[in-house]
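# Working through the structure, step by step
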Amino acid sequence: TCSVAHSDMLASEGVVTEIHGASLLMTLSKSTKINGWSMTSSLAAGSEPSDPVRFVLSYAKIADSSYSLADCLLGNGWRTEEQVVAMSADDQRAVVVEELTKTPRSWCPDSGSRCNALSDIDLIRICIPARSVREEDWLVISASKCRPTVNDLACIPRLNSNFEYYSLERGSTHLFDLRPTWFTFTGVSVVNLCISVFSIFSAALAFSGFLKLAAISLGLIYLVPGILELLCAIAYTTSTRSFSSHTDPSESMIWWALAFSSIVFGAVIIFKDTEIMRVLPVPFLVNIPLIVVQNLVILGDSPSEVNWVSVISWGSILSIFFWCVVTIVRQVILRQSTQSISQDSDKYDSEWASVKQDLESNTAIRDLDDLMTAFSNASRQMRPLQLMCEKVQHNPTVEGCSLTRPLPYMPRVIHERRYAAPSALKRMMDFVGLTKNMFSSASICSSLDTLYLQACTLEPIFNLKVQQLSQSASGEFLSRSTNDRSGEHAGSFHFVTAEHWNRTGGLKAIDRAIEKLTRVYQGNVSLLLDAVRQCIVFESMQHLLKAMRTILDDGELQVVRIKNRMSDNYDARQTGGYRDCLVNVRIKTELTRKLGLDNHVCELQLILKQFMVHRTLEGHKRYVAFRNKRCE
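Residues numbered from 1 in each chain as written. Predicted model: local features only at pLDDT ≥ 70, side-chain atom pairs only at ≥ 80, totals over all residues. Heavy atoms only, no water.

## A few points about the overall build of the protein
Broken down by element type, the protein carries 23 helices and 17 strands. Roughly 32,100 Å² of accessible area belongs to the protein as shown, and the carbon and sulfur atoms make up 57% of that amount. (Helix = DSSP H or I, 4+ residues; strand = E, 2+ residues; numbered from the N terminus. Areas by Shrake-Rupley, 256 points an atom, 1.4 Å probe, with all protein chains shown as cover.)

Structure (structure tokens):
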């Protein structure tokens, strides 16, 4: 406990002081002897909260000694000895309270109520001047060293903590170096600089349309600081624990945690950005618990002693806050989207239950599952892509394989050729046999204009092939009702047989194509496999199974992928209860080879009539709203 008069005494020696409760923080411009201790500091005035050592001086025996309120009055020069002798004990107390009220930075400025509530012993501890206390009654209770944090290079004192490796003997000399180490500077200042630079680069690249480079720059915001934090953690761990240094190996845990979480998160952004939301809580789950463990368990601080504002990783707090907000909003939207089509979903589920009640249909469902398993095992399915041929025959209007260049008004992300595999990578994949179903002798189609030019040319060829398949499996087609009243009606549509079908429709709407590229495929045109599409409707599962077998046995069709939603293993909640079977094929005929269209992937939908009946115009509108809410 230090008296106010102690502060005045030090000021006369050219010492700047600041009192924090029982702590006396000092900046000493020259070597100063205080109660047998020689102290000096090279720091400028005003830096007291960052000074390396805080000595807590206590009147160890004041409660058991003969100190009195009269000693306060005489020691501070508030009254003469004659005046003190003439005063009663109550008068002495009143004068002490009065003088303390006048003293700046005392416990009771401008009001004596606080001091009036104290006992005489407490008043003596406050008012008795340090120079009046006997040497043997002083005791150095503890000293603390400062500690840099992950957010600040300034050395923040650890108040009320014991500094274990130092000597309490008078006359001892202790040296301190407050300059930050190279690894502390790297872990704080250089890391913040890297974050600022890559943040600017990421925003500029994204604004310019270079989304892949922007994503890489965004990942470097975490990856590069993570590597620097890893160096800092290693340096902290291998540093020497000494009295003169403010680095301690026991303080390295948080740097290891920061390095791990930053490197993992940065790598995910660069190499697997679709998993960002899964790993977004990692920085919080790793950093915050380890910060608490390091400060409260390893360093032994109490919660009130820790400067949480300085030691907390605010990036981790922001990441978990963002993750919680996005997760909650997403769950609310998904719930609303599911409720919006609940009636349609119930109808689809009811139809599926009725299909499964039929023994022959149930057998056909199992046979279809077995057929899909055999196809997957035989083809070793890989994700199909829209490809371009190496050379187009009998087409003098185009040059090579690029049927048309991307139009200037198309978004850069739509026609960017950044997904093409490098030639060296293709040769390596050829060697291990991975390009058999991926690249063949073709290059990846990366222009939406080119894709739709192919689709317009291929559509009548595909429709003719679909008509032939429908005839062989007793399939029907959906046709919009006009003046023709023949056929079976389904709202504003009706069904026609293959012989009466006029082979119209089949191209995906361009606005929906751009929507799907943006929402699902991140602008990769080669993943859009349903630019040319058609649908065959069947009365029963047996006819659908027959059509599937016909497709797999057709020598002019190369089946590249099948999505079987007519299975008990499929979760129909993903599509609002709707079920069908999607088959992606390439048409391999002499005509398509001459036109350079033999690598274009088309989509054929196989669906039961009762499901198509429920997919009315209004039902489809509700499904579109459901799909838009889910951003699909």
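The structure having been displayed, the exposition proceeds.
## Some words on the packing of helix α9 (residues 253–271) against helix α11 (residues 282–298)
One way to put it is that α9 packs onto α11 with a least axis distance of 9 Å and a crossing angle of 175°. When the axis of α9 is compared with that of α11, the two are roughly antiparallel. Residues Met253, Ile254, Ala257, Leu258, Phe260 and Ser261 of α9 form the contact with α11, whose participating residues are Val282, Pro283, Val286, Asn287, Leu290, Ile291, Val293, Gln294 and Ile298. Considering only residue class, the contact of α9 with α11 consists of 12 nonpolar, 3 polar and no charged. (Axes fitted to C-alpha atoms, helices over the stretch in contact; angles between N-to-C directions. Parallel < 35°, antiparallel > 145°, perpendicular 65-115°, else oblique. Contact = heavy atoms within 4.5 Å. Nonpolar A, V, L, I, M, F, W, Y, C, P; charged D, E, K, R; others polar.)

## Observations concerning the nonpolar core
Formed by 64 residues in total, the largest nonpolar core has its most connected members in Met548, Ile551 and Leu606. No other element matches the 9 residues that helix α18 (residues 448–472) contributes to this core. Setting aside its immediate chain neighbours within four residues, Leu606 contacts Ile536, Phe538, Leu544, Met548, Ile551, Asp580, Cys581 and Val583. By size, the runner-up hydrophobic cluster in this structure holds 19 residues, among which are Tyr67, Leu69, Leu73 and Val96. (Core = buried A, V, L, I, M, F, W, Y, C linked by side-chain atoms within 4.5 Å. Buried < 20%, exposed > 50% of the residue type's maximum accessible area, 1.4 Å probe, protein only.)

## Points about helix α14 (residues 342–357)
In this model α14 runs 23 Å from its N-terminal to its C-terminal C-alpha over 16 residues, within 8% of the 22 Å that 1.5 Å per residue would give. Where α14 is concerned, the buried positions are Asp344, Ser345, Tyr348, Glu351, Trp352 and Val355. For α14, the buried positions fall inside an angular range of 125° around the axis, keeping them on one side. Among the exposed residues of α14, those pointing more than 90 degrees away from its buried face are Gln343 and Gln357. (Expected span 1.5 Å × (residues − 1). Arc of directions from axis to C-beta.)

## Section: the packing of helix α7 (residues 182–208) against helix α8 (residues 211–238)
Taken N-terminus to C-terminus, the directions of α7 and α8 make an angle of 175°; their axes are 8 Å apart at the nearest point. Judged by the inter-axis angle, α7 sits roughly antiparallel to α8. Partitioned by chemical class, the residues of the contact of α7 with α8 number 22 nonpolar, 6 polar and 1 charged.

## Quick word on the pairing of strand β14 (residues 533–538)
The element β14 is extensively covered by neighbouring structure, given that 5 of its 6 residues are classed as buried. Here 6 bridges tie β14 to strand β17 (residues 601–608), and the two strands are oriented parallel to one another. If you follow Gln534 over to β17, its bridge partner there is Leu604. (Pairing = 2+ DSSP bridges.)

## What about the environment of Pro129?
Locating Pro129 in the fold gives a position in the loop between α6 (120–127) and β6 (138–140). When the C-alpha atoms of Pro129 and Leu73 are compared, they prove to be 9.7 Å apart, with 56 residues separating the residues in sequence.

## Here's the deal with the environment of Gln454
Tracing the backbone shows Gln454 in helix α18. On the basis of relative accessible area, Gln454 is assigned to the buried category, the value being 2%. Distance from Gln454 to Gly596, taken between C-alpha atoms, is 8.5 Å for residues 142 residues apart in sequence.

## Focus on the pattern of salt bridges
Under the definition given, this model contains 16 salt bridges. Residue Arg79 pairs with Glu99 through a salt bridge whose shortest N-O separation is 3.5 Å. Here Glu99 lies in helix α4 (residues 89–102) and Arg79 lies in the loop between α2 (69–75) and α3 (81–86), a separation of 20 residues in the sequence. Glu99 sits in the buried class, given a relative accessible area of 12%. A salt bridge links Arg512 to Glu515; the nearest nitrogen and oxygen atoms lie 2.8 Å apart. Taken together, the residues Arg512 and Glu515, both in helix α19 (residues 510–519) and 3 residues apart, mark about one turn of the helix. According to the relative accessible area criterion, Arg512 is buried, its value standing at 12%. (Salt bridge = Lys/Arg side-chain N within 4 Å of Asp/Glu carboxyl O.)

## Here's the deal with the environment of Cys581
By the element assignment, Cys581 lies in strand β16 (residues 581–587). Among the residues examined, Cys581 registers a relative accessible area of 0% and is labelled buried. In this structure the C-alpha to C-alpha distance between Cys581 and Met566, which are 15 residues apart in sequence, comes to 6.2 Å. The contact partners of Cys581, leaving out residues within four places of it in the chain, are Met548, Ile562, Lys563, Asn564, Met566, Leu604, Gln605 and Leu606.

## With respect to a nonpolar patch on the surface
Taken together, Leu193, Val197, Ile200 and Phe201 make up a surface patch of nonpolar side chains, about 390 Å² in accessible area. With respect to the helices and strands, Phe201 occurs in helix α7. Residue Phe201 is classed as partly exposed on the basis of its relative accessible area of 46%. (Patch = residues over 30% accessible without salt bridge, like charges linked within 9 Å, V, L, I, M, F, W, Y side chains within 5 Å.)

## Details of α18
Over its 25 residues, α18 runs 34 Å from end to end, which matches the ideal 36 Å to within 8%, given 1.5 Å per residue. Along its length, α18 reaches its greatest deviation from straightness, about 45°, at Leu458, and the proline Pro460 lies no more than four positions downstream. Of the residues flanking the start of α18, the one acting as N-cap is Ser447, its side-chain oxygen 3.3 Å from the backbone nitrogen of Asp449. Following α18 by one or two positions, Ser474 has its phi on the positive side, about 60°. (Bend = angle between axes of the 7 residues up to and from the residue. Polar contact = N/O pair within 3.5 Å; in protein donor to acceptor, adjacent residues only side chain to side chain.)

## Let's talk about the confidence of the model for the protein
For the protein, the mean per-residue pLDDT works out to 74, and 67% of the residues sit at or above 70. Per-element confidence in the protein ranges from a low mean pLDDT of 39 for helix α1 (residues 4–11) to a high of 93 for β16. This model gives residues 391–422 a pLDDT under 50, and the stretch forms 61 contacts once residues within four places in sequence are excluded. Contacts for the low-pLDDT stretch residues 483–491, under 50 throughout, to residues beyond four places or in other chains number 13 contacts. (pLDDT = per-residue confidence, 0-100.)

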